[in-house]
Amino acid sequence: MKTVYFACSIAGGRDYAFVYKDLVKTIKSCGVEVHGELFADPNLEAETGTNPEYTPEFVYKRDTRWLRESDAFIADASQPSLGVGYEIALAENLGKPVLVLFYKNSLNRFSPMIVGNPNIQIFEYTEHTKTQKAIKEFIKKLG
């Protein structure tokens with residue numbers, strides 16, 4: 001079974017948390033396992049602030065292990081996040097296929113470093129339901 005690592009902003013803000021659950025649901029509907037599914041919880045706060053066991057070291061080791069173990073990487077970058085940016089670069093360096101989703105009507109600016117990278121597949125959306133086709137096509141290419 002293929003595995004996809006899902007990333008979204010946590011500590012950087014949860015302004016778009018209402019779409020994350022649907023994104024993960026679409027990913028799972030493709031018959032793949034999802035690392036990072038817990039990030040889609042709209043009630044999730046920065047883990048290091050809610051559970052003393054989730055030290056920054058724990059989060060780093062867990063998340064980078066999940067990314068290394070995954071076959072591909074999907075992130076929603078509508079809310080700026082240093083962690084998501086780091087994970088995008090790590091996924092690229094590990095040779096993972098990368099799909100980055102971005103809400104077009106966001107008040108945030110989409111990073112030119114991400115948009116200009118030819119190794120990253122970008123999908124900008126105006127309604128999160130329109131991401132379903134892009135996600136399904138991306139995962140289908142994994143084989």
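Please refer to the structure placed before this passage.
About the criteria used
- Residues numbered from 1 in each chain as written.
- Predicted model: local features only at pLDDT ≥ 70, side-chain atom pairs only at ≥ 80, totals over all residues.
- Heavy atoms only, no water.
- Helix = DSSP H or I, 4+ residues; strand = E, 2+ residues; numbered from the N terminus.
- Rg over C-alpha atoms; globule rule 2.2 N^0.38 Å.
- Contact = heavy atoms within 4.5 Å.
- Areas by Shrake-Rupley, 256 points an atom, 1.4 Å probe, with all protein chains shown as cover.
- Pairing = 2+ DSSP bridges.
- Axes fitted to C-alpha atoms, helices over the stretch in contact; angles between N-to-C directions.
- Phe/Tyr/Trp six-rings, centres within 6.5 Å; stacked < 30°, edge-to-face > 60°.
- Buried < 20%, exposed > 50% of the residue type's maximum accessible area, 1.4 Å probe, protein only.
- Salt bridge = Lys/Arg side-chain N within 4 Å of Asp/Glu carboxyl O.
- Lys, Arg positive; Asp, Glu negative; His and termini not counted.
- Right-handed = clockwise from strand over helix to strand, strands pointing away.

### Brief notes about the overall build of the chain
Item 1. A tally of regular secondary structure across the chain gives six helices and five strands.
Item 2. Overall, the chain shows an N-to-C arrangement of helices and strands of β-α-β-α-α-β-α-β-α-β-α.
Item 3. Computed over C-alpha atoms, the radius of gyration of the chain comes to 14 Å, within 12% of the 15 Å expected from 2.2 N^0.38 for 143 residues, which places it in the range of a compact globule.
Item 4. If you take every contact in the chain between residues at least 6 apart in sequence, the share linking residues at least 24 apart comes to 67%.
Item 5. Of the roughly 7900 Å² of accessible surface on the chain, 52% is carried by carbon and sulfur atoms.

### Some words on the sheet that holds strand β1 (residues 3-7)
Item 1. Strand order in the open sheet formed by five strands is β2-β1-β3-β4-β5, with parallel pairing between adjacent strands. Edge positions in the sheet fall to β2 (33-35) and β5 (121-125), since each has one partner strand and no second. Taking the axes of each pair of neighbouring strands and ignoring which way they run, one obtains an average angle of 25 degrees across the sheet.
Item 2. As defined by bridge partners, strand β4 (residues 98-103) adjoins β5 across five bridges and the pair is classed as parallel. Looking at β5, one finds that Y103 is bridged to Y125.
Item 3. Sitting on the sheet, helix α1 (residues 17-29) touches β1, β2, β3 (72-76), β4 and β5, and the angle it makes with β1 is about 170 degrees.
Item 4. Packed onto the sheet, helix α6 (residues 131-140) meets β1, β3, β4 and β5 and runs at close to 175 degrees relative to β4.

### A word on the packing of aromatic side chains
Given two aromatic rings, one states the distance between the centres and the angle between the planes to describe the pair.
Item 1. Summed over all chains, the structure comprises eight aromatic pairs.
Item 2. Seen in terms of ring centroids, Y5 and F39 are 6.3 Å apart; in terms of plane orientation they differ by 65 degrees. Their pairing is edge-to-face. Taken as a pair, Y5 in strand β1 and F39 in the loop between β2 and α2 (47-50) lie far apart in primary sequence, 34 residues in all. By the burial criterion, Y5 is buried, and F39 matches it.

### Some thoughts on the pattern of salt bridges
Item 1. Summed over the entire model, instances satisfying the criterion amount to four salt bridges.
Item 2. Across the pair K28 and E37 runs a salt bridge, and its minimum N-O distance is 3.0 Å.
Item 3. Classification of K28 by relative accessible area gives partly exposed; the value is 41%.
Item 4. Here D63 ties to R62 by a salt bridge, and the two come within 2.7 Å at their closest N and O atoms. The burial state of D63 is the same as that of R62; both residues are buried.

### Details of the side chain of E87
Item 1. Within the secondary structure, E87 is located in helix α4 (residues 82-93).
Item 2. R62 provides the closest opposite charge to the buried, salt-bridge-free E87, at an N-O distance of 7.5 Å.

### Re the pairing of β3
Item 1. Judged by how many residues are buried, β3 sits mostly within the fold: five of five residues are covered.
Item 2. Of the two faces of β3, the one lined by A72, I74 and D76 and the one lined by F73 and A75 are each fully buried.
Item 3. As paired strands, β3 and β4 are joined by four bridges and run parallel to one another. Residue pairing for β4: I74 is matched across the bridge by L99.
Item 4. You can see the chain leave β3, run along α4 and come back into β4, and the turn it takes is right-handed.

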